[in-house]
Amino acid sequence: MPDHSSVDAGFAGGGVNAELQFTIKPSGRTVTGSPSRTYAEVLIRHATSVPMDCGSMGTCGKCKIRFLSQAPEPSSADVRLLTAEDLSAGWRLACQQHVEAHAVIEIPESTDHLPTESTAAISLRAESLHPGVEPFEVVLQPPVRGTSESSEQALLSALGEHCLCSLETMRSLSERPRGQSVTFAGVRRGDRILDLRPGNDPGEVLGLAIDIGTTTLAVHLFDLLQGKMRASEVDFNPQRAVGADIISRIGYVREHAQVGLQYLQQTIVDGLNALIYRVCESAHVSIGDIYRTVIAGNPTMLHLLAGISPVGIDHSPYTAVFLNSMTVAPKDIGLQAHPAAEALFLPGISSYVGADIVAGMLATSLGGGGRTELLVDVGTNGEVVLAADGRLMACSTAAGPAFEGATIRDGMGAVAGAIEDVVIDGDLIQCSTIGGLPPKGICGTGLIGAVHELLKAGIIDSTGRLIRGRGALSKRSSSEGKESHFVLVDGAFPVSIYQQDIRAFQLGKAAIRAGIDTLLHSVGVAPQELDRVYVAGAFGTHLQPARALGTGLLPMIRQERIHAVGNTSAQGAAFVLLDERLRADTDALAQRVKFIDLGSSSEFAHRYIDQMAFAKI
Ligand code: FES
């Protein structure tokens, strides 16, 4: 585990540690990092994905990089987890080696990619454009000798109403010429003047919709006057260096107290600011023109962004410090924006059903028109919301990281080169990958596709046990070493499904399905009565409904009622950004939802055990 006993210069700004430069192959990029940091930490912060299932504990062996020159001494974890051939070829664990100057490293091609996200669904309903900030123009007459009227008073009198002026406004007023009338253009929010500029161009009026996921960060830049998305960027959450799920992040804060909290807050702010720079650069606009930011995310992520300890969230009675919506000044938490901008944290429902789900309910109009609907967000935690008979019920269930490709032996995130679906046709196996690249690993939807096809082919039995297939497929089954596995892809980068992967899948699908069934049972609704099921998140983007039904992840309903809706958290944040009146709607939604605690539900416990098994396909 890397030592974070102090927040160092490399990431916190200022300090004593000089940055060292190293080169990444095959891209040839050079990056810098503090020698007190591991390669894994530095790579993540430079938009390079390194699988880190164990959060730098040195137990998963996933974060392999190869030193093309001057390979450092192997650590004890390197020796334990890598083969002798790997070690002599220069492979080491990125989480165990600290940055050295002039190193040249190679990372497996499949990991040098960014996460992908569909932003097509973020669109504005034109009639709902009401961002709450607006440009204005005002003409100030020259000061009159003998009066004591200040420039601020002259501005308010020209506007004909009482307003509050930001510091930036006062600074602009100091440029008011003495002997002539002058035109100023500005941006205001209600009775608060946010900015003022000489001339009649107020500049751009921009806003950000931000989704903070445990795995990925998404930032979408909008023109608030046109209601158009100008740019969008997604990247991995750099906090992954301390663990794949929220429990490890909270554990990190508990273990390292204030310094740990400060470190995780700084990493998430740095990650978001990097994306904010990127969206502004790509839209050719200034960060100083961002006046509003709306943020959605799970409660732990929002606590960490705000610099508030989340340690009450992971143990009984599972108490968050805040759940209601909250407005802060971006500069108070270190986020880039105009100095007088505001950032709105959307409200959550419980310590494990957060603003990301409330935003998703808003984006899907869940239960609107009296429909009976289900929203399922599959991540390391699975959140489920049911709308039925005018009621809203929610639960959260520990799905584990298998659906995000973590903890899977040959698993990886939903990035280019990941197997996203598998089809077995007779003796033939076809694996389709994200981006059409050669397969390098398998992501969550690929896993569900593989399990579905292996069930159909009789290679997984109803208990989840891998058994030898027939004919040519039998050659792909192996129990070499300690564990049975089935080879999906042979060759230089073989990809297999292992027995433990199927167990991880069973645990995750049983948790989500039992959560769904418990909610349906609590209101007496049969699955066939569901008008729609929305599957949100990156997992939902690539999910094929037939796979979800066949493996039992979702209850049996007609396939056309299942809708993959992408990142509804970011969509909901964008809706509130473009129509500030929807803040009240999200507050009301969060209040209306009844949270069902599955930990104390015997109904859930029974269903969970039942759902571990697979039905015959
Ligand atoms: S061994 Fe490095 S992240 Fe697990």
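Quick notes on the rules
Residues numbered from 1 in each chain as written. Predicted model: local features only at pLDDT ≥ 70, side-chain atom pairs only at ≥ 80, totals over all residues. Heavy atoms only, no water. Axes fitted to C-alpha atoms, helices over the stretch in contact; angles between N-to-C directions. Helix = DSSP H or I, 4+ residues; strand = E, 2+ residues; numbered from the N terminus. Parallel < 35°, antiparallel > 145°, perpendicular 65-115°, else oblique. Left-handed = near helix turned anticlockwise from the far one by under 90°. Contact = heavy atoms within 4.5 Å. Nonpolar A, V, L, I, M, F, W, Y, C, P; charged D, E, K, R; others polar. Buried < 20%, exposed > 50% of the residue type's maximum accessible area, 1.4 Å probe, protein only. Polar contact = N/O pair within 3.5 Å; in protein donor to acceptor, adjacent residues only side chain to side chain. Pairing = 2+ DSSP bridges. Domains from an automatic or database assignment. Buried area = accessible area lost by both parts, 1.4 Å probe. Salt bridge = Lys/Arg side-chain N within 4 Å of Asp/Glu carboxyl O. pLDDT = per-residue confidence, 0-100.

J.: Quick one: what's the story with the packing of helix α10 (residues 355-364) against helix α16 (residues 582-592), residue by residue and with numbers?
T.: Direction vectors running N to C along α10 and α16 enclose 115°, while the axes themselves pass 10 Å from each other. In this view, α10 runs roughly perpendicular relative to α16, as classed from their interaxial angle. Once α10 is placed against α16, the crossing between them reads as right-handed. The segment α10 lies against α16, with Val-358, Met-361 and Leu-362 engaging Leu-582, Asp-585, Thr-586, Leu-589 and Ala-590. Residue classes in the contact of α10 with α16 are distributed as six nonpolar, one polar and one charged.

J.: Tell me about the side chain of Gln-611, and name the residues and values.
T.: Checked against the element boundaries, Gln-611 lands in helix α17 (residues 602-611). Judged by relative accessible area, Gln-611 falls into the buried class, the value being 15%. Within the structure, the side chain of Gln-611 is placed 3.5 Å from the side chain of Asp-517, a separation counted as a polar contact.

J.: Provide a residue-level description of the sheet that holds strand β23 (residues 485-489), including the pertinent values.
T.: The antiparallel open sheet is built from three strands, whose spatial order is β22-β23-β24. The open sheet is flanked by β22 (477-478) and β24 (495-498), the only strands paired with a single partner. Here β22 pairs with β23 via two bridges, running antiparallel. Across the sheet, the residue bridging to Ser-477 is Phe-486, located in β23.

J.: Before we move on, could you go through the domain arrangement of the protein chain and cite the residues and values that matter?
T.: Taken as a whole, the protein chain is organised into domain 1 (9-111), domain 2 (134-198), domain 3 (206-345), domain 4 (366-401 + 505-611) and domain 5 (406-496). Of note, the centres of domain 1 and domain 3, computed from C-alpha atoms alone, are 26 Å apart. Each partner contributes to the interface: domain 1 provides 13 residues, whereas domain 3 provides 14 residues. The contact between domain 1 and domain 3 buries some 1,000 Å² in all, and 52% of this surface belongs to carbon and sulfur atoms. Linking domain 1 with domain 3 are three residue pairs in polar contact (both at pLDDT 80 or more), by the criterion used here. Counting only elements with at least two residues in the side of domain 1 that touches domain 3, the list comes to α1 (9-12) and α2 (39-45). Looking at the side of domain 1 that touches domain 3 element by element, the count peaks at three residues for α2.

J.: With reference to specific residues and values, describe the pattern of salt bridges.
T.: Tallied over the entire structure, the rule returns 26 salt bridges. As a salt-bridge pair, Arg-292 and Glu-342 come within 3.8 Å of each other at their nearest N and O atoms. In this pair, Arg-292 sits in strand β13 (residues 290-297) while Glu-342 sits in strand β15 (residues 342-345), placing the two residues 50 residues apart along the sequence. The exposure class assigned to Arg-292 is buried, which follows from its relative accessible area of 1%. Overall, Glu-342 belongs to the buried group, its relative accessible area being 17%.

J.: So what's going on with the sheet that holds strand β26 (residues 562-566)? Which residues, and what values?
T.: If you trace the six strands from one edge of the open sheet to the other, you get β26-β25-β16-β17-β18-β27, paired in mixed fashion. With partners counted over all chains shown, the strands left at the sheet margins are β26 and β27 (594-595), one partner each. The pairing of strand β16 (residues 373-378) with strand β25 (residues 532-536) spans five bridges and is classified as parallel. Looking at β25, one finds that Leu-375 is bridged to Tyr-534. Against the sheet, helix α12 (residues 499-523) contacts β16, β17 (381-388) and β18 (391-398), and its axis sits at roughly 155° relative to β18.

J.: Which residues make up the packing of α10 against helix α15 (residues 568-578), and what values do they have?
T.: The N-to-C vectors of α10 and α15 enclose an angle of 70°; their axes lie 7 Å apart at closest approach. Between α10 and α15, the interaxial angle falls into the category roughly perpendicular. Every residue of α15 that contacts α10 at Asp-356, Ala-359, Gly-360, Leu-362, Ala-363 and Thr-364 is listed here: Thr-568, Ser-569, Gln-571, Gly-572, Ala-573, Phe-575 and Val-576. Across the contact of α10 with α15, the residue classes tally to six nonpolar, six polar and one charged.

J.: Please set out the confidence of the model for the protein chain residue by residue, giving values where relevant.
T.: Caution applies to low-pLDDT regions: their predicted coordinates should not be interpreted in detail. For the protein chain, per-residue confidence averages 88 on the pLDDT scale, and 93% of positions sit at 70 or higher. The low-confidence segment residues 1-16 (pLDDT under 50) makes 41 contacts with residues lying over four places distant or belonging to another chain.

J.: Please set out the pairing of strand β12 (residues 228-236) residue by residue, giving values where relevant.
T.: Sheet topology note: the strand β11 (residues 216-223)/β12 ladder contains eight bridges and is antiparallel. Considered in β12, the bridge of His-220 is made with Ser-232. Count of turn residues in the β11/β12 antiparallel hairpin: four residues, of which Gly-227 carries a positive phi of about 75°.

J.: Residues and numbers for the pairing of β13, please.
T.: With eight of eight residues buried, β13 lies mostly within the body of the structure. Bridge count between strand β10 (residues 206-212) and β13: seven bridges; the pairing is parallel. Paired with Leu-208 across the strands is Thr-293, a residue of β13. For β13 and β15, the ladder comprises four bridges, and the chain directions are parallel. Bridged to Arg-292 within β15 is Glu-342.

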